[in-house]
Amino acid sequence: MAVQEDGAYLDGTYGRGGHGRAVLERLGPEGRLLAIDRDPDAVALARKQLGADPRVRIEQGNFAEMGAVSAKAGFEGRFDGILLDLGVSSPQLDQAHRGFSFLADGPLDMRMDPSQPVSAADWVNSASERELSEIIWRYGEDRYSRRIARAIVASRGQRRIETTARLADVIAGAIPARFREPGKNPATRTFQAIRIHINDELGSLEQGLDASLDLLRGGGRLCVISFHSLEDRMVKRFMRRNASEDEAWRGLPEVPVHARAKLELVGRAIRPGPDEVRRNPRARSAVLRIAERVR
Ligand SMILES: C[S@@+](CC[C@H](N)C(=O)[O-])C[C@H]1O[C@@H](n2cnc3c(N)ncnc32)[C@H](O)[C@@H]1O
């Protein structure tokens, strides 16, 4: 992110604040940080950790709406860096009552922002078999998506599926033992798919990427860490598309400002090495991409 002492930074996914605080450590008294998270627990933690720091503003919200959220926080002008560290946080995964985990039994919820109207249980108990199998296939790439969808519909016909353990059992029962991926819980892919769908994670990412272009100052950096191939593809395409001039004008002598390249790629995708994965196994699928706003 090449943090400058007196710069303004947006952490769109505060989580437990590892990145946000690392940015803050590099800021001088004139530097500023806006921390956003859609999860009220993360926002409460941010207030506890950083609430007393006059350089920091904290807002609950979706980074898809980062323009409106930063205006609400009183941020004028543009940012020198925007960070999006996508997906779920460790506390969301580890706390059974948030309903993200097939390892710990809890209510089947999975909403990052519990005020969203539809929980995982609402969706799992009402979606058609076809919709279930499409989402499990699209976001989980589980080749048993059809079997799993059929098993969910059969099971909920007897009694609503209300807990993570029950859903994990239904999924496990749908996949014959000999077809299971070794070392991987058979519910992994389906849980991931339902989470991405319930939180409209790809829709938020698309909007957030677009919004970042107008909020970055020339030379400001957009840094995005993704954990899923569909997210990474979206980030990669967005950065590449904006790093070249509009096709309609390509090769012409005078290219108007709106059609010029808006971003310049900074290096290639960065992935964790074996040491980092050993220290932090949850980083194993992470990909960081960086681009700089053209002046
Ligand atoms: C991988 S964690 C971030 C961890 C953080 N960088 C840290 O160092 O602790 C992702 C966080 O982003 C939040 N989040 C995910 N999608 C979001 C969105 N569209 N808008 C705002 N926050 C989001 C989640 O609630 C979660 O707290």
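Cut-offs used in this document
Residues numbered from 1 in each chain as written. Predicted model: local features only at pLDDT ≥ 70, side-chain atom pairs only at ≥ 80, totals over all residues. Heavy atoms only, no water. Helix = DSSP H or I, 4+ residues; strand = E, 2+ residues; numbered from the N terminus. Rg over C-alpha atoms; globule rule 2.2 N^0.38 Å. Buried < 20%, exposed > 50% of the residue type's maximum accessible area, 1.4 Å probe, protein only. Contact = heavy atoms within 4.5 Å. Areas by Shrake-Rupley, 256 points an atom, 1.4 Å probe, with all protein chains shown as cover. Lys, Arg positive; Asp, Glu negative; His and termini not counted. Charge placed at Lys NZ, Arg CZ, Asp CG, Glu CD. Near = heavy atom within 4 Å. Polar contact = N/O pair within 3.5 Å; in protein donor to acceptor, adjacent residues only side chain to side chain. Nonpolar A, V, L, I, M, F, W, Y, C, P; charged D, E, K, R; others polar. Core = buried A, V, L, I, M, F, W, Y, C linked by side-chain atoms within 4.5 Å. Pairing = 2+ DSSP bridges. Axes fitted to C-alpha atoms, helices over the stretch in contact; angles between N-to-C directions. Domains from an automatic or database assignment. Buried area = accessible area lost by both parts, 1.4 Å probe. Salt bridge = Lys/Arg side-chain N within 4 Å of Asp/Glu carboxyl O.

### A short note on the overall build of the protein chain
Counting its regular elements, the protein chain contains twelve helices and seven strands. A compact globule built from 295 residues should have a C-alpha radius of gyration of about 19 Å, and the protein chain, at 21 Å, falls within 12% of that. Along the three orthogonal principal directions, the C-alpha set of the protein chain runs to about 60 × 50 × 40 Å. For the protein chain, the residues scored as buried account for 48% of the 295 residues in total. Within the protein chain, contacts between residues separated by at least 24 positions form 64% of all contacts whose residues are at least 6 apart in sequence. About 15300 Å² of surface is accessible on the protein chain, with carbon and sulfur atoms providing 48% of the total. Within the protein chain, one finds 47 positive and 42 negative side-chain charges whose respective centroids are separated by 5 Å.

### Description of the site of the ligand
Near the ligand lie 22 residues; those nearest to it are His19, Asp37, Asn62, Asp85 and Gln92. For the ligand, an oxygen atom lies 2.9 Å from a polar atom in the backbone of glycine 18. In the complex, the protein chains occlude 92% of the 610 Å² of accessible area that the ligand would expose alone. Split by residue class, the shell around the ligand holds five nonpolar, twelve polar and five charged.

### Details of the nonpolar core
Proteins that are soluble and globular tend to have nonpolar side chains buried together. One finds Leu108, Trp123, Val124, Ile148, Ile152, Leu167 and Ile194 to be the most contacted residues of the largest nonpolar core, which totals 33 residues. Ranked by size, the runner-up nonpolar core spans 25 residues in total, among them Val69, Ile82, Leu216 and Val235.

### Focus on the sheet that holds strand β1 (residues 8-11)
Read across the sheet, seven strands follow the order β3-β2-β1-β4-β5-β7-β6 without closing on themselves; strand pairing throughout is mixed. Strands with a single pairing partner mark the edges of an open sheet, and in this sheet they are β3 (56-60) and β6 (263-265). Neighbouring strand axes in the sheet, compared pairwise and without regard to direction, differ in orientation by 20° on average. Across three bridges, β6 lies against strand β7 (residues 287-293) in antiparallel orientation. Across the sheet, the residue bridging to leucine 263 is arginine 293, located in β7.

### Some details on the side chain of asparagine 242
Checked against the element boundaries, asparagine 242 lands in helix α11 (residues 229-242). With a relative accessible area of 11%, asparagine 242 lands in the buried category. A distance of 3.0 Å separates a polar atom in the side chain of asparagine 242 from the backbone oxygen of phenylalanine 238. Not counting the four nearest positions on each side in its chain, asparagine 242 is found in contact with Leu213, Ala261, Lys262 and Leu263.

### Observations concerning the pairing of strand β5 (residues 216-226)
The element β5 is extensively covered by neighbouring structure, given that nine of its eleven residues are classed as buried. Here strand β4 (residues 79-85) pairs with β5 via six bridges, running parallel. Each bridged residue has a counterpart across the sheet, and for phenylalanine 79 the counterpart in β5 is leucine 216. One ladder, built from six bridges, connects β5 with β7; its direction is antiparallel. By the bridge assignment, valine 224 is partnered in β7 with arginine 289.

### Re the environment of proline 117
Structurally, the position occupied by proline 117 is in the loop between α4 (90-94) and α5 (120-124). A relative accessible area of 72% means that proline 117 is categorised as exposed. In this structure, proline 117 is in contact with Arg111 and Asp122, ignoring residues within four places of it in sequence.

### Brief notes about the domain arrangement of the protein chain
In terms of domains, the protein chain is made up of domain 1 (8-90 + 201-293) and domain 2 (117-198). Centre-to-centre, using C-alpha coordinates, domain 1 lies 31 Å away from domain 2. For the pair domain 1 and domain 2, the two sides together bury roughly 600 Å², of which 50% comes from carbon and sulfur. Summed over the shared surface of domain 1 and domain 2, the result is one salt bridge. Between glutamate 201 and arginine 195 there is a salt bridge, with its nearest N and O atoms 2.8 Å apart. On inspection of domain 1 and its partner domain 2, the count reaches four residue pairs in polar contact (both at pLDDT 80 or more). When contributions to the side of domain 1 that touches domain 2 are tallied by element, the ones reaching two or more residues are α10 (201-215) and α11. Per-class residue counts for the side of domain 1 that touches domain 2 are three nonpolar, three polar and one charged.

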